[in-house]
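# Working through the structure, step by step
As a plain string of letters, each chain reads:
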Amino acid sequence: MKNMKKSLAVLFAMALTASVASAADIYVSLETGKNKNEGTKEAPLKNLWKALENAKVGDTIHLAEGNYPGKMKQGWFMMDKPVSIIGGYSKDFAERNPLTHKTMFQPLNENNDKKGTGLGLLHLEFDKTNNAPKGFNMVIDGLIFDDGFASSFHATKGKPEGLDTGMWLQGPAKNINDPFASPDRYGIYSATASRGEGDITIQNCTFVNIGNYGLNLNWYKGKVNVINNVFCNTRMIGANVTCSAAAPSVEWEFAKNTVLYTWSRISDLGDMGFGVRTNTGVTANIHDNIIGLNVLTGFDNTKGDPKKKITKLDGNVFFLNRGSDVQMTISPSIAKVRVDGFEDLEGTDGIESIEDNVDLKDPKVFEGRLNPTYLNAFLSMKYSESTKVPENQANALRGVLGLPLQGTIKTNVEMFANRYPMEDSLKLFGAMAGKGAQLPEGATAVAVPVSGTNLAPVSNPEPK
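Residues numbered from 1 in each chain as written. Predicted model: local features only at pLDDT ≥ 70, side-chain atom pairs only at ≥ 80, totals over all residues. Heavy atoms only, no water.

## Observations regarding the overall build of the protein
For the protein, the helix and strand inventory stands at 5 helices and 30 strands. When the 464 residues of the protein are sorted by exposure, 54% land in the buried category. Carbon and sulfur atoms form 52% of the exposed surface of the protein, whose accessible area is close to 20800 Å². (Helix = DSSP H or I, 4+ residues; strand = E, 2+ residues; numbered from the N terminus. Buried < 20%, exposed > 50% of the residue type's maximum accessible area, 1.4 Å probe, protein only. Areas by Shrake-Rupley, 256 points an atom, 1.4 Å probe, with all protein chains shown as cover.)

## Structural notes on the sheet that holds strand β24 (residues 317-319)
Strand order in the open sheet formed by 9 strands is β3-β6-β9-β12-β15-β18-β21-β24-β28, and the pairing between neighbours is parallel. Single-partner strands in this sheet number two, and they are β3 (66-67) and β28 (358-359). When β24 meets β28, the two strands line up parallel, connected through 2 bridges. Its bridge partner lying in β28, phenylalanine 318 is registered against aspartate 359. (Pairing = 2+ DSSP bridges.)

## Some details on the confidence of the model for the protein
Residues with a pLDDT of 70 or more make up 86% of the protein, whose mean pLDDT is 86. Below a pLDDT of 50 lies the segment residues 4-20, which in the model reaches 3 contacts outside its immediate sequence neighbourhood of four places, other chains included. Long-range and interchain partners of residues 451-464, a stretch whose pLDDT sits below 50, account for 34 contacts in this model, where long-range means more than four residues apart. (pLDDT = per-residue confidence, 0-100. Contact = heavy atoms within 4.5 Å.)

## Looking at a negative patch on the surface
A surface patch of like charges, here negative, comprises Glu343, Asp344, Glu346, Glu355 and Asp356. Judged by its relative accessible area of 64%, glutamate 343 falls in the exposed class. (Patch = residues over 30% accessible without salt bridge, like charges linked within 9 Å, V, L, I, M, F, W, Y side chains within 5 Å. Salt bridge = Lys/Arg side-chain N within 4 Å of Asp/Glu carboxyl O. Lys, Arg positive; Asp, Glu negative; His and termini not counted. Charge placed at Lys NZ, Arg CZ, Asp CG, Glu CD.)

## Here's the deal with the pairing of strand β15 (residues 230-235)
With 6 of 6 residues buried, β15 lies mostly within the body of the structure. Here 4 bridges tie strand β12 (residues 206-210) to β15, and the two strands are oriented parallel to one another. From the neighbouring strand, threonine 206 faces β15, where its bridge partner is valine 230. Bridging between β15 and strand β18 (residues 258-263) involves 5 bridges; their strand directions are parallel. Directly across from arginine 235, in β18, lies its bridge partner tryptophan 263.

## Remarks on the sheet that holds strand β13 (residues 215-219)
A sheet is described by the order of its strands in space; here 9 strands give the open sequence β4-β7-β10-β13-β16-β19-β22-β25-β26, paired in mixed fashion. Both outer strands of the open sheet, β4 (77-79) and β26 (333-337), are each paired with one neighbouring strand and no more. Averaged over all adjacent pairs, the angle separating strand axes in this sheet is 15°, with direction ignored. (Axes fitted to C-alpha atoms, helices over the stretch in contact; angles between N-to-C directions.)

## Details of the pattern of salt bridges
A full pass over the atoms with the stated rule returns 15 salt bridges. The closest approach of N and O atoms between arginine 96 and aspartate 141, which form a salt bridge, is 2.9 Å. Of this pair, arginine 96 sits in the loop between β5 (84-89) and β6 (103-105) while aspartate 141 sits in strand β8 (residues 134-141); the two residues are 45 residues apart in sequence, bridging distant segments of the chain. Here lysine 435 and aspartate 288 are joined by a salt bridge, their closest N and O atoms 2.7 Å apart. Remark: aspartate 288 occurs in the loop between β20 (282-287) and β21 (290-292) and lysine 435 occurs in the segment after α5 (422-426); sequence separation between them is 147 residues.

Spelled out as structure tokens, the structure:
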């Protein structure tokens, strides 16, 4: 029996080696390719969806610059097998620079009615049985996910002076000039029921103007590496990783990312708005990130049982998160703590390490990199509501019977998830040496004008 097990292990290893050895490179260029081509560098395919259909487990798709619209312009892509996608190439693949040769998923509102309802701009959904792929190592590198032109924004409400849109609108509401409501989808999403035992690395990507979580990975088994990305202007959560297996089996490294402007669930600014969140069954190592300007908190540890997850939170830079820098469950309540009070969280359930985290010491690192109009509006915004209870016969009768009175609540919010300029989000790469998103290898910095962006006089604001 031992010899049989050993033979099976050898055969499996040989099969895995053969699979890796036979992995193919597929080239796609929206401008110069044709779908009847072979997919080589000299004869690339035209569409990413075609390459995804043709690809086999372990293949790598090299994606040239351009705005890829999806099949029939539906605005999203299905990945039903683990393959790698590397973007940022020039149209002829002569050079690679993700910040200048922009490889974008930037759909339009007018196409929101197309067939298919992907939950993410990139929707991962592998086999849901034990036949799911195992032993893979896939990479998503150098892509820009921007849903800001597929969403709908109010024409006038919540529109500070100088911004090109009003507040983000959740469906079914829509701007009269937009054919369709906001799609309300993730940047990258993997289905909860999806199986697969392997590793994924997401690096050098930009998630901007996402109407739902920037990244929502429901991973079964393996390692999740989220390294050197920008998350800017997402809703509810910037980055979220969960374990969908019964036993904890996901290791998550979240390092050198910049996470800014995560908005609340709805425009009352009352719940969610987390830069990063950890979940039950995940061992997370969160380090060397810049996490700031999030509506509720920079890092959230309140989801699930804190005793069933392990988190290291070390060497991060926090600044101007409206509610707190960290919130976590300390039974029977939830603690909301600024970075200067992190020592009080040592030994908290699930927290293995919380060292060397700091507040932003030099605001000038963001000079010319943060859009000053958007920043000023965010730091200055106020939320208010007023209640009107009419003195009518119906309310008089309710009062006599001890029933609650009925009225109307009018809210006023000065901004909510307004579209952020995508080009400005790229300026966030390389803002601070060693912390947050660095310049991708081989990339040159996006031109950064000196505009006098200054955070120094601003204290931590209150949520409302």
